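This is what each chain is made of:
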Amino acid sequence: IMVCGAPFSPQSLTAHLLRWVVDRATERMGEGPAEVILTHPATWGPFRLELLDQVAVMAGLASASRCTEPEAAAAQYAAQTRVAPGDRVAVYDLGGVTFDACVLEKTASGFRALGTPEEVERIGGVDFDEAVLRHVLAALNATSTSLDPDDSEVTVGLARLRRDCVEAKEALSIDVDTVVPVALPGLSTTVRVTRVEFETMIRPALTETIAAMTRALRSSQVEPAELRSILLVGGSSRIPLVSEMLHREFSAPI
């Protein structure tokens, strides 16, 4: 990855980020953390896990341990709600770029994954952002051919519009409609977007995540009625339609 004209490996950049996080935590707490745990998708194989271990060493944290993201989510849930050994929970993780589903069972010492975790790549918040942007441009009858990519004003205007589309997406988790401001060369207006329109855009993608969760349950040989709850993880899981579709399909506490 090129940064300011210099090449960096992804693990070296991640190590810089990890070091920054530990330093900030140390400043706030007045001392270094007693333990550092790096979470990762449950579907990661040996190669990616080895790179994650390299990240810890490069950040000066040779003693850091690893934990899957579903286990971390379940542990956080169990810290707030009583979960008895033998209880099963499902983790629905819809983040920025991927979706993960996993079923876990509480044990005496923590949680263990049941069956095979599911992953769906290229489904996440960035796709929903892009859907809102396409909707706004369509409402303006603007296309990629009508917007000159070499025009600096167009570039700046589109960058601002993308940010406003992200804010609109987030607002629709609370409001039933919102307005996206548009400021492009020769065009200054607003476009209204409703929650119904947004849900229509993303429903096909969310249907894929429901199917993945169904596969995870089937693999773990757990019926929806046996779930203690379905845990929502990731910023995009806050979209109200997510909870609605999950409850309609599995009738489990969300």
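On a predicted model such as this, the values are computed, not experimentally measured, just so you know. (Residues numbered from 1 in each chain as written. Predicted model: local features only at pLDDT ≥ 70, side-chain atom pairs only at ≥ 80, totals over all residues. Heavy atoms only, no water.)

**Quick look at the overall build of the protein**
Next, step 1: Regarding its fold elements, the protein presents seven helices and 10 strands.
Next, step 2: Split into buried and exposed, the 254 residues of the protein put 40% on the buried side.
Next, step 3: Contacts in the protein between residues at least 24 apart in sequence constitute 62% of all its contacts with a sequence separation of at least 6.
Next, step 4: Total accessible area on the protein stands at roughly 14200 Å², and carbon and sulfur atoms take up 54% of it.
Next, step 5: Here the protein contributes 23 positively and 34 negatively charged side chains, and the mean placements of these two sets differ by 4 Å. (Helix = DSSP H or I, 4+ residues; strand = E, 2+ residues; numbered from the N terminus. Buried < 20%, exposed > 50% of the residue type's maximum accessible area, 1.4 Å probe, protein only. Contact = heavy atoms within 4.5 Å. Areas by Shrake-Rupley, 256 points an atom, 1.4 Å probe, with all protein chains shown as cover. Lys, Arg positive; Asp, Glu negative; His and termini not counted. Charge placed at Lys NZ, Arg CZ, Asp CG, Glu CD.)

**Brief notes about the state of the cysteines**
Next, step 1: Inspection of the entire model under this criterion finds zero disulfides.
Next, step 2: In this model Cys 67 remains outside any disulfide bridge; the closest cysteine sulfur is found in Cys 102, 11 Å from its own. (Disulfide = S-S within 2.5 Å.)

**Some points on the packing of helix 4 (residues 125–139) against helix 6 (residues 195–220)**
The description of two helices packed together rests on the angle between their axes and the distance between the axes.
Next, step 1: Where helix 4 contacts helix 6, the two axes come as close as 10 Å, and the packing angle between them is 140°. In terms of orientation, helix 4 and helix 6 fall into the oblique class. For the crossing formed where helix 4 meets helix 6, the hand is right-handed. Of helix 6, the residues touching helix 4 (which contributes Phe 128, Ala 131, Val 132 and His 135) are Glu 197, Phe 198, Met 201, Ile 202, Ala 205 and Leu 206. (Axes fitted to C-alpha atoms, helices over the stretch in contact; angles between N-to-C directions. Parallel < 35°, antiparallel > 145°, perpendicular 65-115°, else oblique. Left-handed = near helix turned anticlockwise from the far one by under 90°.)

**Here's the deal with a nonpolar patch on the surface**
Next, step 1: Together, Ile 1, Val 3 and Phe 8 give the surface a local cluster of nonpolar side chains, amounting to about 240 Å² of exposed area.
Next, step 2: Secondary-structure assignment places Phe 8 in the loop between strand 2 (6–7) and helix 1 (10–29).
Next, step 3: Given the relative accessible area of 30%, Phe 8 is considered partly exposed. (Patch = residues over 30% accessible without salt bridge, like charges linked within 9 Å, V, L, I, M, F, W, Y side chains within 5 Å. Salt bridge = Lys/Arg side-chain N within 4 Å of Asp/Glu carboxyl O.)

**Section: the sheet that holds strand 6 (residues 98–106)**
Pairing between sheet strands relies on hydrogen bonds along the backbone, with the strands arranged either parallel or antiparallel.
Next, step 1: Here four strands make up an open sheet; going across it, the order is 7-6-5-10 and the pairing mixed. With one partner strand each, in any of the chains shown, strand 7 (111–121) and strand 10 (227–233) form the two edges of the open sheet. Taken over all neighbouring pairs, the strand axes of this sheet differ in orientation by 15° on average, direction set aside.
Next, step 2: The pairing of strand 5 (residues 88–94) with strand 10 spans six bridges and is classified as parallel. Considered in strand 10, the bridge of Arg 88 is made with Leu 227.
Next, step 3: Sitting on the sheet, helix 3 (residues 69–80) touches strand 5, strand 6, strand 7 and strand 10, and the angle it makes with strand 10 is about 115°.
Next, step 4: Helix 6 rests against strand 5, strand 6, strand 7 and strand 10 of the sheet, and its axis sits at about 150° to strand 7. (Pairing = 2+ DSSP bridges.)

**Quick look at the pattern of salt bridges**
Next, step 1: For the structure on display, the rule yields 12 salt bridges.
Next, step 2: A salt bridge links Asp 53 to Arg 66, with the shortest nitrogen-to-oxygen separation between them at 2.9 Å. Of this pair, Asp 53 sits in helix 2 (residues 46–58) while Arg 66 is found in strand 4 (residues 65–68), placing the two residues 13 residues apart along the sequence.
Next, step 3: Judged by relative accessible area, Asp 53 falls into the partly exposed class, the value being 33%.
Next, step 4: Of the charged contacts, one joins Glu 130 and Arg 162 as a salt bridge, the two residues approaching to 2.9 Å between their closest N and O atoms.

**Description of the packing of helix 4 against helix 5 (residues 152–171)**
Next, step 1: It is at 9 Å that the axes of helix 4 and helix 5 come closest, and there the two elements cross at 115°. As far as their axial angle goes, helix 5 and helix 4 are roughly perpendicular. The hand of the helix 4/helix 5 crossing is right-handed. Contact with helix 4, carried on its side by Gly 125, Phe 128, Asp 129, Glu 130, Val 132, Leu 133, Val 136 and Leu 137, involves Leu 158, Leu 161, Arg 162, Cys 165, Val 166 and Lys 169 of helix 5 and no other residues of that element.
Next, step 2: Partitioned by chemical class, the residues of the contact of helix 4 with helix 5 number nine nonpolar, one polar and four charged. (Nonpolar A, V, L, I, M, F, W, Y, C, P; charged D, E, K, R; others polar.)

**Some remarks on unusual backbone geometry**
Next, step 1: Notably, Cys 4 is not glycine yet its phi reads approximately 55°, a positive angle.
Next, step 2: Looking at where Cys 4 falls in the secondary structure, it is placed in the loop between strand 1 (2–3) and strand 2.
Next, step 3: Take Cys 4: its relative accessible area is 85%, and that puts it in the exposed class.
Next, step 4: Positioned with a positive phi, Ser 251 is a non-glycine residue whose angle comes to about 50°.
Next, step 5: Inspection of the secondary structure assignment puts Ser 251 in the segment after helix 7 (240–250).

**Concerning the pairing of strand 7**
Next, step 1: Bridging between strand 6 and strand 7 involves eight bridges; their strand directions are antiparallel. Bridge pairing in strand 7 links Val 103 to Leu 114.

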